[in-house]
Amino acid sequence: QVQLVESGGGLVQAGGSLRLSCAASGRTSPSYAMGWFRQAPGKEREFVARITVWDGNTYYADSVKGRFTLARDNAKNALHLQMNSLKPEDTAVYYCASTIRGSLATREGEYDYWGQGTQVTVSS
């Protein structure tokens, strides 16, 4: 079983930056991809970004492309999401997830393991 723990959320002014981290433990090596989703109050969980574990290929939602960047820390078995130029619409609980399935991995249903989430609030 895979355990995922997110950290790094907080309150930031619009235009600022935050760096989210996801620490993974357990059976992480068979994972095909790890990604980030977010969910605002009253909204469905939506895809943010993902990275394939083997080759580091990244894919971003159009809403965050050019502002958010994924990075792996293989030594610590961690995944980071650098978020720059934050906007109020980025406000949400951000979740780290892992999937063992080989796919584009942009849909919630494609992921097998989830963290508890970390709150990101962007003020205007």
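As shown above, the structure is provided for reference.
Conventions used here
Residues numbered from 1 in each chain as written. Predicted model: local features only at pLDDT ≥ 70, side-chain atom pairs only at ≥ 80, totals over all residues. Heavy atoms only, no water. Salt bridge = Lys/Arg side-chain N within 4 Å of Asp/Glu carboxyl O. Helix = DSSP H or I, 4+ residues; strand = E, 2+ residues; numbered from the N terminus. Buried < 20%, exposed > 50% of the residue type's maximum accessible area, 1.4 Å probe, protein only. Pairing = 2+ DSSP bridges.

(A) Inspection of the pattern of salt bridges at higher detail. The tally for this structure, following the rule as stated, stands at six salt bridges. With its nearest N and O atoms 3.0 Å apart, the salt bridge here joins Asp112 to Arg101. Of the two residues, Asp112 sits in the loop between strand E9 (92-99) and strand E10 (113-114) while Arg101 sits in the loop between E9 and E10, which places them eleven residues apart along the sequence. For Asp112, a relative accessible area of 31% puts it in the partly exposed group. Owing to a relative accessible area of 37%, Arg101 belongs among the partly exposed residues under this scheme. Two residues, Glu110 and Arg107, come together in a salt bridge whose shortest N-O distance is 3.2 Å. A relative accessible area of 7% means that Glu110 is categorised as buried. If you follow the salt bridges from partner to partner, you end up with Arg38, Glu46, Arg67 and Asp90 in one network.

(B) Local environment of the pairing of strand E4 (residues 33-39). A large share of E4 lies buried, amounting to six of its seven residues. Where E4 and strand E5 (residues 46-52) come together, six bridges link them in antiparallel fashion. If you follow Ala33 over to E5, its bridge partner there is Thr52. As consecutive antiparallel partners, E4 and E5 are separated by six residues, and within that stretch Gly42 has a phi angle of approximately 75°, a positive value. In terms of strand pairing, E4 meets E9 through seven bridges, oriented antiparallel. Each bridged residue has a counterpart across the sheet, and for Gln39 the counterpart in E9 is Val93.

(C) Expanded view of unusual backbone geometry. The phi dihedral of Asn77 falls on the positive side, at around 50°, and the residue is not glycine. Tracing the backbone through its elements, the reader meets Asn77 in the loop between strand E7 (68-73) and strand E8 (78-83). The backbone phi angle of Ser85 is positive, close to 50°, even though this residue is not glycine. Tracing the backbone through its elements, the reader meets Ser85 in the loop between E8 and E9. On the basis of relative accessibility, which here comes to 40%, the residue Ser85 falls in the partly exposed class.

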